[in-house]
Amino acid sequence: MGRTGRGAFAPAHTFALVVGILASAAACDSQSGIPVDAAETDVAAGEVAAAGVAAAPTSTADSPGTVPPTSARPAPQVVVGEVPGNPEAADAVRAWALDLVTDPEGLTSTCWTLPPAQMAEQYEDTGAVLRALAQPGVDGQFSVSWTGGGTTVSVKRSEIASGYACPHVHPAGTADVYTPADAEHAVARFLSREAGRPVSPADTETAYPLICPGFSPWDPSGAGDGGQPPLKQDPDVLADTTAFAADDMTTTPVRGDYVNVTVPVTDVSGVTKTKQVTLSIGQDGYCLGEVT
């Protein structure tokens, strides 16, 4: 405030001083005298910290208890356990986890490698996901995983390589991580590519392999005479696809990790035929090995 002399307020400013005092008093809780903004901030910070996220610090430049606007607050720092020998894994899943905390609805467009309905279910319990991620990661044969509090978060190597890993979330100790919905989504992505309308411009075979690599004999019938997956030998068998009926897909178990997905497919001549796609589980989840 301005001063006209040493220690004396000018009469013209007396009213402003009174208003300032009243405004200061109104900013406090009438019973405890605690600034309302500060109390609310302490509660919010406690809730976030309990979920495994470091709360954004409050401002010290303004008066005590004042919190900057949401747009001006620093992004929360998600705690992700490091993975010995694979630092890229923690970085990739951390990028996803920040979106899980700040923009969960946006994950439906960024996590296009997962079935939307399944993703919404698996990502619903944010607290359980963050508690698991806070534990040290384990680098497995086909994926990296974090486990804690009965929950496991696992990411495929193709997801890690992309720099933004959309994980599967499942109860700790479960062996069947991939579901029929994953198999159908893999088929939908493959057919979308063939039709010239991939679910994402980034969804290419090089970056996100969907054809089985043939590391083990292809043998869905169990006859013992398997070789390379037929689709690996002829990856363009469905290259004339123009459309397919995703809502009419059905999945049938065959044996072991093998499943059959049937789907009506329309070709360039306008003819629609029901195709059977046989899939198995490989290093990147469900992969396509044969089309009949």
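Right above here is the structure, for reference.
Residues numbered from 1 in each chain as written. Predicted model: local features only at pLDDT ≥ 70, side-chain atom pairs only at ≥ 80, totals over all residues. Heavy atoms only, no water.

1. Overview of empty space enclosed by the protein
So, step 1. Inspection of the entire model under this criterion finds one cavity of 30 Å³ or more.
So, step 2. Within this model, the largest cavity holds a volume of roughly 150 Å³.
So, step 3. Lining the largest cavity are 17 residues, with Thr 113, Lys 156, Arg 189, Leu 210 and Asp 284 sitting closest to its centre.
So, step 4. Put simply, the parts of the chain that give the lining of the largest cavity at least two residues each are α7 (157–162), α8 (180–194) and β11 (285–291).
So, step 5. It is α8 that provides the largest number of residues to the lining of the largest cavity, a total of four residues.
So, step 6. Of the residues in the lining of the largest cavity, the class split is seven nonpolar, five polar and five charged. (1 Å grid on protein atoms, 1.4 Å probe; cavity = no way out; pocket = protein on both sides within 12 Å on 5 of 7 lines; lining within 4 Å. Points joined across faces, edges and corners; volume = space filled by probe spheres on them. Helix = DSSP H or I, 4+ residues; strand = E, 2+ residues; numbered from the N terminus. Nonpolar A, V, L, I, M, F, W, Y, C, P; charged D, E, K, R; others polar.)

2. So, the sheet that holds strand β5 (residues 151–156)
So, step 1. Across the sheet, which stays open at both edges, the four strands sit in the order β3-β4-β5-β6 with antiparallel pairing between neighbours. What marks the edges here is a single partner per strand, and that holds for β3 (138–139) and β6 (168–171).
So, step 2. Note that β5 and β6 share four bridges and pair antiparallel. The partner of Val 153 across the bridge, within β6, is Val 169.
So, step 3. Strands in contact with helix α6 (residues 126–133) are β4 (143–148), β5 and β6; relative to β5, the strand with the most contacts, it is inclined by about 70 degrees. (Pairing = 2+ DSSP bridges. Contact = heavy atoms within 4.5 Å. Axes fitted to C-alpha atoms, helices over the stretch in contact; angles between N-to-C directions.)

3. So, the packing of aromatic side chains
So, step 1. Applying the stated criterion across every chain yields a total of four aromatic pairs.
So, step 2. Judged by centre distance (5.1 Å) and plane angle (85 degrees), the rings of Trp 218 and Tyr 258 are edge-to-face. One end of the pair, Trp 218, is in the loop between α8 and α9 (230–233); the other, Tyr 258, is in strand β9 (residues 258–267), with 40 residues separating them in the sequence. Assigned by exposure class, Trp 218 and Tyr 258 land together as buried. (Phe/Tyr/Trp six-rings, centres within 6.5 Å; stacked < 30°, edge-to-face > 60°. Buried < 20%, exposed > 50% of the residue type's maximum accessible area, 1.4 Å probe, protein only.)

4. Side note on the layout of surface pockets
So, step 1. By volume, the second largest pocket is sized at about 380 Å³.
So, step 2. As for the second largest pocket, its lining consists of 24 residues, of which Ala 175, Asp 176, Val 177, Tyr 178 and Ile 281 are closest to the centre.
So, step 3. Within the residue set of the lining of the second largest pocket, elements represented by two or more residues are β4, β5, β8 (250–255), β10 (272–282) and β11.
So, step 4. Considering only residue class, the lining of the second largest pocket consists of nine nonpolar, 13 polar and two charged.

5. Examining the side chain of Ser 154
So, step 1. Mapping Ser 154 onto the fold places it in strand β5.
So, step 2. For Ser 154, a relative accessible area of 11% puts it in the buried group.
So, step 3. At a separation of 3.3 Å, a polar atom in the side chain of Ser 154 contacts the side chain of His 170.
So, step 4. Apart from the residues lying within four places of it in its own chain, the contact partners of Ser 154 are Ser 143, Val 144, Ser 145, Pro 167, His 168, His 170 and Val 177. (Polar contact = N/O pair within 3.5 Å; in protein donor to acceptor, adjacent residues only side chain to side chain.)

6. Description of the state of the cysteines
So, step 1. Under the defined criterion, the tally for this structure stands at two disulfides.
So, step 2. The residue that forms a disulfide with Cys 212 is Cys 287, at a sulfur-sulfur distance of 2.0 Å. Disulfide Cys 212-Cys 287: torsion about the S-S bond near 90 degrees, hence right-handed. Pair noted here: Cys 212 is in the loop between α8 and α9 and Cys 287 is in strand β11, with a separation of 75 residues, a long-range link. (Disulfide = S-S within 2.5 Å.)

7. Focus on the pattern of salt bridges
So, step 1. Under the definition given, this model contains seven salt bridges.
So, step 2. Close ionic contact of Arg 94 with Glu 82 constitutes a salt bridge, the shortest N to O distance being 3.4 Å. Within this pair, whereas Arg 94 is found in helix α3 (residues 87–102), its partner Glu 82 is found in the loop between β2 (77–78) and α3, the two being separated by 12 residues in sequence.
So, step 3. Assessed through its relative accessible area of 21%, Arg 94 is described here as partly exposed. (Salt bridge = Lys/Arg side-chain N within 4 Å of Asp/Glu carboxyl O.)

8. Some thoughts on α8
So, step 1. With 15 residues, α8 ought to run about 21 Å at 1.5 Å a step, and its terminal C-alpha atoms sit 21 Å apart, in line with that.
So, step 2. In terms of burial, α8 is a largely internal element, 11 of the 15 residues being buried.
So, step 3. Among the residues of α8, those classed as buried are Asp 182, Ala 183, His 185, Ala 186, Val 187, Ala 188, Arg 189, Phe 190, Leu 191, Ser 192 and Arg 193.
So, step 4. Taken from the residues just after α8, Gly 196 is the one with a positive phi, measuring 80 degrees. (Expected span 1.5 Å × (residues − 1).)

9. Points about the nonpolar core
So, step 1. In this structure, Trp 96, Leu 107, Cys 111, Tyr 123, Leu 133 and Trp 146 are the most contacted members of the largest nonpolar core, which totals 28 residues.
So, step 2. At the level of secondary structure, the elements contributing two or more residues to this core comprise α3, α6, β4 and β5.
So, step 3. Counting residues per element, this core draws most heavily on α3, which supplies seven residues.
So, step 4. Membership of the second largest hydrophobic core comes to 20 residues, among which are Ala 183, Phe 190, Ile 211 and Val 263. (Core = buried A, V, L, I, M, F, W, Y, C linked by side-chain atoms within 4.5 Å.)

10. A word on the packing of α3 against α6
So, step 1. Here α3 crosses α6 at 155 degrees, and the two axes come no closer than 11 Å. Between α3 and α6, the angle falls in the class roughly antiparallel. Where α3 crosses over α6, the handedness of that crossing is left-handed. Listed contacts from α6 to Val 93, Trp 96, Ala 97, Leu 100 and Val 101 of α3 are Thr 126, Val 129, Leu 130 and Leu 133. (Parallel < 35°, antiparallel > 145°, perpendicular 65-115°, else oblique. Left-handed = near helix turned anticlockwise from the far one by under 90°.)

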